[in-house]
Amino acid sequence: MNFIVAALGVLGVASSGPLIAGTLGATSVTALAIAFWRNAIAAVVMASPVLIREPRQFRKITRSEFMWSSVAAVALAFHFACFITALQLTSVAAATALVCLQSAWIAVFQLFRGTRHRWPVLVGLGIALGGVAAITGFDMGSSPKAFLGDVLALAGGALAGLYTLAGGKARQSMRTGTYTTLCYGICAAIVAVLAFAGGQPLVGFDVGGWVGIVAITVCAQLVGHTAFNHLLATMSPLLVSMIILLEIPGAALLAAIFLHEKLPAGTYAGLALILAGLAVVVAGQRRGKGEAVQGDGQIAELGTD
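Residues numbered from 1 in each chain as written. Predicted model: local features only at pLDDT ≥ 70, side-chain atom pairs only at ≥ 80, totals over all residues. Heavy atoms only, no water.

Colleague: Looking at this structure, how should I read the overall build of the chain?
Modeller: The helix and strand inventory of the chain stands at 14 helices and 0 strands. Its helices and strands taken in sequence order, the chain reads α-α-α-α-α-α-α-α-α-α-α-α-α-α from the N to the C terminus. By the compact-globule yardstick of 19 Å for 305 residues, the chain fits well, its C-alpha radius of gyration being 18 Å. When contacts within the chain are restricted to residue pairs at least 6 apart in sequence, long-range pairs at least 24 apart make up 84% of them. (Helix = DSSP H or I, 4+ residues; strand = E, 2+ residues; numbered from the N terminus. Rg over C-alpha atoms; globule rule 2.2 N^0.38 Å. Contact = heavy atoms within 4.5 Å.)

What follows is the structure, encoded as structure tokens:
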């Protein structure tokens, strides 16, 4: 049973990039509209059980919880803006791999905060950095547009790391439903402001556009992350973390099949290096003292897309 759930989870998160790229390319939907609706819909879905069972949870939110949830929401909003825009400029495979570097960014942020990582984490960061250099190097030489997309995807990964760290602070005392409702709701509001400022409509799309938005929300946000939440109750966080990393080759494979995306051999080598490096980073962090992550906070660390 766990194998089926894991397969659904990987398929769900891996479909995010291809679905977004396909929707943007074939419909009138805008990048920020996708970010807005997937968060708004997810906020409603996550709020419903809480409002039915424990509506008082929302009245118990403290100032500190609201502050950290808001910081996480801001980071998440700009993460989506960067990642979805990147998918319009560079390949799905490259954008997904670069944005999945969020766990490596977390390790880097921890270094700046004085955390001493074990040597496998540093080795993993070096391997992943080699993959970044390979992908961005090939894109820089072939297309300035693709290189800009790579930079935006990297920024999206860093913002996802900030989202995780801030969300971890909030989740120390908040329940999952309460936190995700608040975070996704604030995120949707921020994206709406960005869309208004940038002149990107949030409504008025064709039927295909709305189908794409619903598919992205259901596959990536609800099926994918819900599956990994379930697995965390029955499997070790380390194993779940490693399974989530399959999003990188999964997205590349789906993009190749459905979007007919063909990449230089060097780019595929970069994807492999990033995947290997992140696996080493995750394994090194989990084995380090005081680095274990409990609950579904693990999902935020390794998969926001």
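Colleague: Mind showing me how you'd approach the nonpolar core here?
Modeller: Core analysis: the biggest nonpolar cluster contains 70 residues, and Ile84, Leu101 and Ile274 have the highest contact counts within it. For this core, the element with the most residues is helix H4 (residues 63-86), which contributes 10 residues. Those residues in contact with leucine 101, other than ones at most four positions away along the chain, are Ala128, Val132, Leu154, Ile274 and Leu278. Core analysis: the second largest hydrophobic core is formed by 11 residues, Ala227, Leu231, Val240 and Ile243 among them. (Core = buried A, V, L, I, M, F, W, Y, C linked by side-chain atoms within 4.5 Å. Buried < 20%, exposed > 50% of the residue type's maximum accessible area, 1.4 Å probe, protein only.)

Colleague: Any chance you could explain the confidence of the model for the chain here in plain terms?
Modeller: Confidence in the prediction of the chain, expressed as mean pLDDT, is 87, and 92% of residues score 70 or more. Ranking the elements of the chain by mean pLDDT puts helix H14 (residues 297-302) last with 41 and H4 first with 96. Ignoring residues within four places in sequence, the model shows residues 289-303, a span with pLDDT below 50, making 40 contacts including any to other chains. (pLDDT = per-residue confidence, 0-100.)

Colleague: What should I look at first to understand helix H6 (residues 102-112) in this one?
Modeller: Residue pairs spaced three or four apart in an α-helix point in one direction, given the helix's 3.6 residues per turn. Residues of H6 that are buried: Gln102, Ser103, Ala104, Ile106, Ala107, Phe109 and Gln110. Looking one or two residues beyond H6, the residue adopting positive phi is glycine 114, at roughly 95°.

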